[in-house]
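# Chains, contacts and geometry: an overview
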Number of protein chains: 2
Amino acid sequence: MTKPLRRDAELNRQRILKAAQEVFAARGVDVMLDDIAHHAGLGVGTVYRRFPTREDLVEALFDTRLAEIVSWADEGLAHADPWTGLTGFVEQATAAMAADRGLRDIAFSRAYGRRRVAEIREMLAPRVEALVTRCQEAGVVRTDAAGVDLVLTQFMVAALLEYAEPVAPGLWRRYLTLILDGLRYGTTPLPVPPPEVENMDRIAENWRPPRRAGSG
Amino acid sequence: MTKPLRRDAELNRQRILKAAQEVFAARGVDVMLDDIAHHAGLGVGTVYRRFPTREDLVEALFDTRLAEIVSWADEGLAHADPWTGLTGFVEQATAAMAADRGLRDIAFSRAYGRRRVAEIREMLAPRVEALVTRCQEAGVVRTDAAGVDLVLTQFMVAALLEYAEPVAPGLWRRYLTLILDGLRYGTTPLPVPPPEVENMDRIAENWRPPRRAGSG
DNA sequence: AATTAAGTGGAGGAACATCCTCAACTACCC
DNA sequence: GGGTAGTTGAGGATGTTCCTCCACTTAATT
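Residues numbered from 1 in each chain as written. Chains lettered and ligands numbered in written order. Predicted model: local features only at pLDDT ≥ 70, side-chain atom pairs only at ≥ 80, totals over all residues. Heavy atoms only, no water.

Per an unreviewed UniProt entry, chain A is named TetR family transcriptional regulator, and its organism is Paractinoplanes tereljensis.

What follows is the structure, given as structure tokens:
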């Protein structure tokens, strides 16, 4: 039922998507839409006409990016060696997030992607769980680790990306290696249980929170 | 040459310090001074009269807190077992930062503490270096690790605190253990060198940065 | 080439957040 | 009780972000 756009309008739509992609990647999904418009060489009004909310832009751009991550998880699960499957997945996902600050936001924050993106995110959890379990059965991951641990460590590495990536690109590989070694070779009993799955959402809500969402 | 304060004024000064301590601990050093005043049951003007800048409050409160961390490092160095010395230090420091969001800010951010606090921070680096080196000589830390690695991992754990501590208190112990295990038992060669010390400041500048300090 | 509907630009108003001053007031101290 | 130090908190100054609106431009149609 949607009428096709006029030729110039369609061209501008593409320009906006390209600009949004670039600006999101460089500065995260919280940038002003004005900046995207400017970067696209267009007026703000045009952006708002085509994508009334930031969410519309996010959905249009990150739907496939997240699906890609899910497919990497599947590839990891299909890999002959469980450990290589796990590390390969983690490295691919982290590399993608290192290159795109917006992707980090979408992957972790619960502030965007209420629609499609949230569904895709939920597809990831069981796969990550399986990646870990498979390694444990093969005896190459400590038995007291859990699937959520991988998510939490990704959180930490993503935080490192926020701080260090612009200054020391690629440094994350050093600390990811360190953490994965801990996961593989560590023997010190983990002193507290992993978080409940219900808590993961509440933890994710603190990803890049609004400046003054303070408590009392 | 500083005249003693009038009795009521001195009392209020104490009230302000106590309130600031509590509010900083709960919500970080970026809270509005208005909030501190209100929490102390005083008017904003009083706070501004006594501590003209936020920096004054910070210096008054965190000088000793940071010195305490330095002394823990010394205790760690004095401990008979190098590994226990190292982990003991790291755990004490992290526990302190888990309990005080303001302390995290002061320890990592370069936005405050240009004066005294910065000096104390600089006393820490060589001690941390020594803690690691001593463990390596004893053969209980991988030889390709460096002193700065401990700082960077603390960065990651501190980030985890930001996200998870309000929701799942104490969870940090799980991931700190994992990381320390990696540091001790890991064998996978670390793929990139540690950051130059000069870069550490630039990384720290991204700790809780102003909302729109974006690049181009 | 004239008509019309679709699309565009971007200044600027609205809604906030934060900072910090200052004039009227109050409390201490001698 | 006079003088000085101290207190107050509403509100002006400043800054940020969002998003609308309408005069203007351009593509499509006849």
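On to the overall build of chain A, then. A count of helices and strands for chain A gives 10 helices and zero strands. In chain A, the succession of helices and strands from N to C terminus is α-α-α-α-α-α-α-α-α-α. Overall, the C-alpha framework of chain A stretches about 60 × 45 × 35 Å when taken along its three principal axes. Restricting the contact set of chain A to residue pairs at least 6 apart, pairs at least 24 apart contribute 73%. (Helix = DSSP H or I, 4+ residues; strand = E, 2+ residues; numbered from the N terminus. Contact = heavy atoms within 4.5 Å.)

Residues and elements named next belong to chain B. Interaxial distance between helix α8 (residues 147-164) and helix α9 (residues 172-185) falls to 10 Å at its minimum, and their mutual angle equals 160°. Between α8 and α9, the angle is such that the two are roughly antiparallel. Relative to α9, the crossing made by α8 is right-handed. Only Trp172, Tyr175, Leu176, Ile179 and Leu183 of α9 make contact with α8, whose side of the interface consists of Leu150, Thr153, Gln154, Val157, Leu160 and Leu161. Within the contact of α8 with α9, the residues separate by chemical class into nine nonpolar, two polar and no charged. (Axes fitted to C-alpha atoms, helices over the stretch in contact; angles between N-to-C directions. Parallel < 35°, antiparallel > 145°, perpendicular 65-115°, else oblique. Left-handed = near helix turned anticlockwise from the far one by under 90°. Nonpolar A, V, L, I, M, F, W, Y, C, P; charged D, E, K, R; others polar.)

Quick look at the interface of chain A and chain B now. In this assembly, 57 residues from chain A lie in contact with 57 residues from chain B. A buried area of about 4800 Å², summed over both sides, lies between chain A and chain B, and 63% of it is on carbon and sulfur atoms. Viewed at the interface, chain B and chain A are joined by four salt bridges. Linking chain A with chain B are 16 residue pairs in polar contact (both at pLDDT 80 or more). Mapped by element, the contributors of at least two residues to the side of chain A that touches chain B are α8 (147-164), α9 (172-185) and α10 (197-204) of chain A. The leading source of residues in the side of chain A that touches chain B is α8(A), at 12 residues. (Buried area = accessible area lost by both parts, 1.4 Å probe. Salt bridge = Lys/Arg side-chain N within 4 Å of Asp/Glu carboxyl O. Polar contact = N/O pair within 3.5 Å; in protein donor to acceptor, adjacent residues only side chain to side chain.)

Once that is clear, we can look at the relation of the copies chain A and chain B. In the superposition of chain A on chain B (RMSD 0.1 Å, axial shift 0.0 Å), the rotation amounts to 180°. In symmetry terms, the pair is related by a two-fold rotation axis. Among all residues of chain A, the one whose C-alpha sits closest to the rotation axis is Gly182(A), at a distance of 1.8 Å. A shared interface surface links the copies, since 100% of the contact residues of chain A are contact residues in chain B too. (Least-squares fit on C-alpha atoms with pLDDT ≥ 70 in both.)

We now examine α8(B). Taking 1.5 Å per residue as the helical rise, α8(B) with its 18 residues ought to reach 26 Å, and the 26 Å between its terminal C-alpha atoms agrees with that figure. For α8(B), the tally of buried residues reaches 17 of 18 residues, placing the bulk of the element in the interior. (Expected span 1.5 Å × (residues − 1). Buried < 20%, exposed > 50% of the residue type's maximum accessible area, 1.4 Å probe, protein only.)

Right, let's get into the domain arrangement of chain A. All names here are of chain A. Assigned domains of chain A: these are domain 1 (1-52) and domain 2 (54-204). Between domain 1 and domain 2, the C-alpha centre-to-centre distance is 30 Å. Listed as interface residues are 16 residues of domain 1 and, on the opposing side, 15 residues of domain 2. With both chains or domains summed, domain 1 and domain 2 bury close to 1300 Å², and 65% of this area falls on carbon and sulfur atoms. (Domains from an automatic or database assignment.)

Turning next to the packing of aromatic side chains. Residues and elements named next belong to chain B. For the structure shown, the criterion picks out 12 aromatic pairs over all chains. Look at Phe108 and Phe155: their rings are 4.6 Å apart centre to centre, the planes differ by 45°, and that puts the pair in the tilted class. In this pair, Phe108 sits in helix α6 (residues 101-108) while Phe155 sits in helix α8, placing the two residues 47 residues apart along the sequence. Here Phe108 matches Phe155 in class, with each residue buried. (Phe/Tyr/Trp six-rings, centres within 6.5 Å; stacked < 30°, edge-to-face > 60°.)

The feature "DNA-binding region" (unreviewed entry), as given by UniProt, occupies residues 32-51 of chain A in the numbering adopted here. For residues 32-51 of chain A, the end-to-end C-alpha separation is 13 Å, with 70% helix and 0% strand making up the annotated structure. (UniProt positions renumbered as here; feature names shortened; annotations may be inferred.)

Quick look at the UniProt feature "domain: HTH tetR-type" (unreviewed entry) in chain A now. Those places that UniProt annotates as "domain: HTH tetR-type" (unreviewed entry) correspond, in this numbering, to residues 10-69 of chain A. The distance from the first to the last C-alpha atom of residues 10-69 of chain A is 29 Å, and the span holds 80% helix and 0% strand.

What follows deals with the side chain of Glu59(B). All names here are of chain B. In this structure, Glu59 sits in helix α4 (residues 54-78). The exposure class of Glu59 is buried, given its relative accessible area of 13%. When near neighbours in sequence (up to four residues on either side) are disregarded, Glu59 contacts Gly113, Arg114, Arg115, Arg116 and Val117.

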